[in-house]
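Descriptive structure summary
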Amino acid sequence: MTAEVRHTVVDLRGDLRTGAQRAVVMTMGALHDGHAELVRQARRMVGETGTVIVTVFVNPTQFSAGEDFDAYPRTLDDDVVVASEAGADVVFAPNAVEVYGLTGGFEPTSVTIDPGPLGDVLEGASRPGHFRGVLTVVSKLMGMTYPDVALFGEKDYQQLTLIRRMVADLSMPVEVVGVPTVREADGLARSSRNRYLSPEERRVAAVIPQALAAAAQQSDPQEAVETGLRILSREPGIDVDYLVVTDLDLGPAPRIGDARVLVAARVGTTRLIDNQPMRVGS
Ligand code: PAF
């Protein structure tokens with residue numbers, strides 16, 4: 001069945017049946033199989049009687065000047081097909097005035113969500129204000145869709161970590177579920193931005209998950225970083241921003257236990273991020 005498409009909160013409210021479980025998958029559109037997997041999992045979680053909502057909104061407040069806000073792919077008709085086939089009931093695609101009022105998000109609003117210090121490291125270090133924009137729009141979209149559960153991809157691990165923290169710190173009544181990254185056959189993490197890559201850049205980009213996988217096989221954080229960087233350095237087309245090992249909350253790597261290895265790199269003008277679980281000390 002084709003999902004209903006709603007553009008306003010007033011129209012959406014009619015789809016929010018009381019008593020039924022509701023799951024939301026928030027996206028900026030350009031849906032790919034990674035998003036489809038989130039929708040399929042959402043459907044499994046709420047069952048046939050529940051409601052699965054996919055939001056499609058390219059959020060201006062999470063882009064800095066000079067980033068790809070204007071160029072970001074806008075493919076709503078295709079997105080409705082992908083969302084429907086994966087099991088969504090509703091696609092909520094508001095415009096910027098619906099989400100932010102008359103400023104459309106292009107002028108600062110007075111109340112925003114402060115991500116705290118974790119918003120300034122890793123992705124936040126090279127994208128100032130990014131996570132304030134993400135958390136603010138995620139909380140607004142939660143207020144519009146009233147979900148019982150919200151699903152986010154682990155590919156954006158820092159985003160997922162900050163959303164979990166926001167929900168806990170602000171006592172928001174929603175369960176946040178992280179879904180493992182969906183990958184291309186050669187390991188590249190699915191991302192809407194992969195479509196910016198030329199065929200040659202696409203070939204080069206496949207080295208990133210190889211380096212990450214080799215790093216994640218190490219048991220010592222320092223060796224993991226050195227292994228990953230060594231592999232990346234062999235490919236001149238990759239400009240590394242960071243490759244780090246952290247604990248599961250993005251703090252310092254544990255002496256022993258579960259950890260995460262995260263990488264960000266530029267291939268041509270496209271910034272790619274990826275991460276994998278790793279085990280330290282065993
Ligand atoms: O991950 C994304 O696509 C976006 O950051 C999100 C969560 C939809 C907020 O705009």
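The notes below deal with the structure included here. For every chain, the first residue of its written sequence is number 1, and the numbers climb from 1 along that sequence. Reporting in this predicted model follows two pLDDT cut-offs: at least 70 for local features of residues, and 80 or more for side-chain atom pairs to be given and counted; totals over whole chains, interfaces and linings ignore these cut-offs and use all residues. Side-chain calculation: all heavy atoms of the structure are included, whereas hydrogens and water are not.

**A word on the packing of helix H2 (residues 33-46) against helix H3 (residues 76-86)**
Remark: H2 packs on H3, axes separated minimally by 8 Å, with the N-to-C direction vectors making an angle of 35°. In the crossing of H2 with H3, the sense of the turn from one axis to the other is right-handed. Between H2, through Ala36, Val39 and Arg40, and H3, the contact on the second element is made entirely by Val82, Ala83 and Ala86. Residues of the contact of H2 with H3, tallied by class, amount to five nonpolar, no polar and one charged. Here an angle of 0 to 180 degrees is reported between the N-to-C directions of two axes, which are lines fitted to C-alpha atoms, with helices fitted over the stretch in contact. A run of DSSP states H or I qualifies as a helix once it reaches four residues; a run of E qualifies as a strand once it reaches two. Both are numbered from the N-terminal end. For any helix crossing, the convention is left-handed if the near helix is rotated counterclockwise from the far helix by under a right angle, and right-handed if that rotation is clockwise. Contacts are assigned to residue pairs that have any heavy atoms within 4.5 Å of one another. Residues are grouped as follows: nonpolar covers Ala, Val, Leu, Ile, Met, Phe, Trp, Tyr, Cys and Pro; charged covers Asp, Glu, Lys and Arg; every other residue, Gly included, is treated as polar.

**A look at the nonpolar core**
In this structure, Val138, Met142 and Phe152 are the most contacted members of the largest nonpolar core, which totals 38 residues. Going through the elements one at a time, helix H1 (9-13), strand E2 (22-27), strand E4 (90-92), helix H4 (96-100), helix H6 (130-145), strand E5 (149-153), helix H7 (157-169) and strand E8 (257-267) are the ones with two or more residues in this core. Here this core gets eight residues from one element, more than from any other, and that element is H6. Those residues within four positions of Phe152 in sequence are excluded, and the remaining contacts are Met26, Leu38, Val138, Gln159, Leu160, Ile163, Val176, Val177, Gly178 and Val179. Within the second largest apolar cluster, 26 residues are counted, among which are Leu212, Ala216, Leu243 and Met278. By nonpolar core is meant a set of buried Ala, Val, Leu, Ile, Met, Phe, Trp, Tyr and Cys residues that side-chain atoms within 4.5 Å join together. For each residue, the accessible area found with a 1.4 Å probe, counting protein chains only, is set against the maximum for its type, and the residue is called buried under 20%, exposed over 50%, and partly exposed in between.

**Overview of helix H10 (residues 221-233)**
For a helix, the expected span equals 1.5 Å multiplied by the residue count minus one. Spanning 13 residues, H10 covers 18 Å between terminal C-alpha atoms, matching the ideal 18 Å at 1.5 Å per step. Restricting attention to buried positions, one finds in H10 the residues Pro221, Ala224, Val225, Thr227, Gly228, Ile231 and Leu232. Buried residues of H10 fall within an arc of 165° about the axis and therefore sit on the same side. Next to the buried residues of H10 lie helix H9 (207-216), strand E7 (238-246), E8 and strand E9 (270-280). Counted as a polar contact is a pair of N or O atoms within 3.5 Å, where, for protein atoms, one must be capable of donating a hydrogen and the other of accepting one, and residues adjacent in sequence contribute only when both atoms are in side chains. For H10, the side-chain oxygen to backbone nitrogen distance between the N-cap and Gln222 is 3.2 Å, and the N-cap itself is Asp220. Taken from the helix axis, the directions to the C-beta atoms give the arc we talk about.

**Re the site of the ligand**
Residues are counted as near a molecule or strand when any one of their heavy atoms sits within 4 Å of it. Near the ligand the following residues occur: Met26, Thr27, Met28, Asn59, Gln62, Val137, Val138 and Gln159. Note that an oxygen atom of the ligand is positioned 2.6 Å from one of the side-chain N or O atoms of Gln62. Here an oxygen atom of the ligand sits 2.7 Å away from a polar atom, N or O, in the side chain of Gln159. The cavity where the ligand resides is the largest pocket. Elements with a contribution of two residues or more to the shell around the ligand: E2 and H6. Only protein atoms enter the 1 Å grid used here, on which a cavity is any set of points holding a 1.4 Å probe that cannot leave and a pocket is any open set flanked by protein within 12 Å on both sides along at least five of seven lines; residues with an atom within 4 Å of a point are listed as lining. Put plainly, a molecule is in a cavity or pocket when over half of its atoms are within 2 Å of the grid points there.

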